[in-house]
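# An overview of the molecular structure
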Amino acid sequence: MKTLRDVFREALRDMGVESLGALSKRFRKPMDKLQEMALEIINGKGAVFRVPERTLVAWDLEGNRVEGSYYAYAPLCMKDKFEMVLSPEGLLSKLPEWPYFIIDLYHWDRHSQREKGRLCLQVNQSYSVLRRYLTGRELTVTWANDEFRRMFHGPLERITVHEGPTAEFLKENGINEAILLDPWAEKVLSREDFNAKAFIIGGIVDTGGTKRKTTPKIAEEMEGAGIQVHRRKITLKGDVIGVPDRINRILGIVLTMMVEGKPMDEAVYEFQEPRHARWRLRKELPKHAIRYRVDGKLYRVVEKELFDYYSGWLKIRPEDFTKVLRELNLIALEQRRIHHLNKISSPRIMHGKVYRVILLKKAAMLCYNC
Ligand SMILES: C[S@@+](CC[C@H](N)C(=O)[O-])C[C@H]1O[C@@H](n2cnc3c(N)ncnc32)[C@H](O)[C@@H]1O
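Residues numbered from 1 in each chain as written. Predicted model: local features only at pLDDT ≥ 70, side-chain atom pairs only at ≥ 80, totals over all residues.

## Some points on the overall build of the chain
Under the convention used in this document: Counting from the N terminus, the helices are DSSP H or I runs at least four residues long and the strands are E runs at least two residues long. Burial in this document is a count-based property: other C-beta atoms within 10 Å of a residue's C-beta are tallied, and the residue is buried at 20 or more, exposed at 12 or fewer, or partly exposed in between, with C-beta positions derived from the backbone.
Of regular secondary structure, the chain possesses 14 helices and 17 strands. Looking at the chain as a whole, 35% of its 370 residues are labelled buried.

Okay, structure coming up:
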């Protein structure tokens, strides 16, 4: 999928513009210059002008610094001074039909005031995520009541706020099917889904665990209103555990896959926080535990080297590994020590589980060797 940056680049190239300066202090800071200029233009703040003297600084269309240019981004108030070569209307007319990214507030009233505040923040962060690639205008909030409008501190005028149901919004825009991102779905989101005209994320913040399985209810409601809903989940190595569940992060994962073509596991890793990675590690580590009985006492041991393996696809630091070990009452030992323990122990089955038993005398030897 083309980004706004790509569309802007193409428009400049079509006009024979190969580099661009800026007559605005805003662009001195490090940033994605092309994308930021394009955003300013489509928001009616500036345009591209031909300037009589070469600008001091300029960037080529890949964002690399070059010597200077006879073309520059400048605020719209300069339109009487220089010749405008790309206007806001000109760039807007070149934008493709990007899909709608809808945050569905069907469950708004089930939230506490604090959760509603968080929900508004996540909507605002979703707008920023979209602006990294597209314009931000693709964001739509449905079932948006007065309370949402009051509590939302983002740019209401730059997103679409629809008071009614999602189905109503879709029908008004000639859309009769959509993808619903749903952790309870059977099917995993895939490339074939990226042609959809609308992607829906549940506007749900579940701090108290009271809104379990509320996303499928959104599908039921929409299907009742005549929309074909394709429910899709995002997974990390086949499991939803470890996938960040904040709305803006889910949107980030979808966009990274769609625009950058990243595989799902890599996109999830990019948006993961150590907290989400620990959720998954709590599920993974017990699978590797070896049970030892030393002098009647039980020890559950895992290989220390597992940290290297898991940190390859989970965003964990050594302290996260240690935290999870402690929570699960597991001990991590180097592989060579485990081999030694296995040599001096013998397997027994007790209550249907395999234990490696080390006799007291051997345990003493073990301590001596340590
Ligand atoms: C905090 S989650 C709410 C989940 C809700 N408690 C439930 O059990 O249905 C907010 C939204 O993020 C999206 N989401 C979260 N995790 C997801 C996953 N693994 N796959 C797809 N969508 C997900 C869904 O659209 C969901 O409605």
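## Looking at the domain arrangement of the chain
Put simply, the test is: Those domain boundaries reflect an automatic or database domain assignment.
When cut into domains, the chain gives domain 1 (4–92), domain 2 (100–272) and domain 3 (284–369). Put simply, the middle of domain 1 and the middle of domain 3, counted by C-alpha atoms, are 60 Å apart.

## As for the site of the ligand
Going by this rule: Residues are classed as near a molecule or strand if the C-beta position derived from their backbone is within 6 Å of it.
Near the ligand, the surroundings consist of 20 residues, among which L181, P183, G202, T215 and I234 are the closest. Among the secondary structure elements, those contributing two or more residues to the shell around the ligand are β11 (198–202) and α8 (247–260).

## Looking at helix α7 (residues 215–224)
Think of an α-helix as 3.6 residues a turn; residues three or four steps apart then line up on the same face. Selection criterion: Note that the arc is computed from the directions linking the helix axis to the C-beta atoms. Contact between two residues is assigned when their C-beta atoms, built from the backbone, lie within 7 Å.
Inspection of α7 places T215, I218, A219 and M222 among the buried residues, and these make up the whole buried set. Viewed along the axis of α7, the buried residues span an arc of 100 degrees, placing them on a single side of the element. Facing away from the buried side of α7 by more than 90 degrees, the exposed set consists of E220 and G224. Where α7 is buried, its residues meet β7 (100–104), α6 (166–172), β10 (177–181), β11 and β12 (228–232). After α7 finishes, the residue G226 shows a positive phi value of roughly 90 degrees.

## Digging into the sheet that holds strand β9 (residues 160–161)
Hydrogen bonding along the main chain pairs the strands of a sheet, whether they run parallel or antiparallel. Heads up, the rule is: Should DSSP find at least two bridges between two strands, the strands are taken to pair. A fitted line through C-alpha atoms represents every axis, and for helices the fit uses only the stretch in contact; the resulting angles, taken between N-to-C directions, go from 0 to 180 degrees.
Read from one edge to the other, the open sheet built from 6 strands follows the order β9-β8-β7-β11-β10-β12, with strand pairing classed as parallel. For this open sheet the edge positions go to β9 and β12, each flanked by a neighbour on one side alone. Of the strand pairs in this sheet, β7 and β11 are connected by 5 bridges, and their pairing is parallel. Bridge pairing in β11 links F101 to F199. The sheet strands contacting α8 are β7, β10 and β11, and the helix crosses β11 at an angle near 150 degrees.

## What about the environment of K94?
Looking at the element boundaries, K94 is found in the loop between α3 (88–92) and β7. K94 sits 64 residues away from P30 along the chain, and the two C-alpha atoms are 27 Å apart. Filtering out sequence-adjacent residues up to four positions away, K94 remains in contact with V7 and A11.

## A look at the sheet that holds strand β17 (residues 353–358)
Here we have 5 strands laid out as an open sheet, ordered β15-β14-β13-β17-β16, and mixed in their pairing. Since the sheet does not close on itself, it has two edges, and those belong to β15 (331–333) and β16 (346–350), each with one partner. Sheet twist, expressed as the mean angle between neighbouring strand axes with direction ignored, is 45 degrees.

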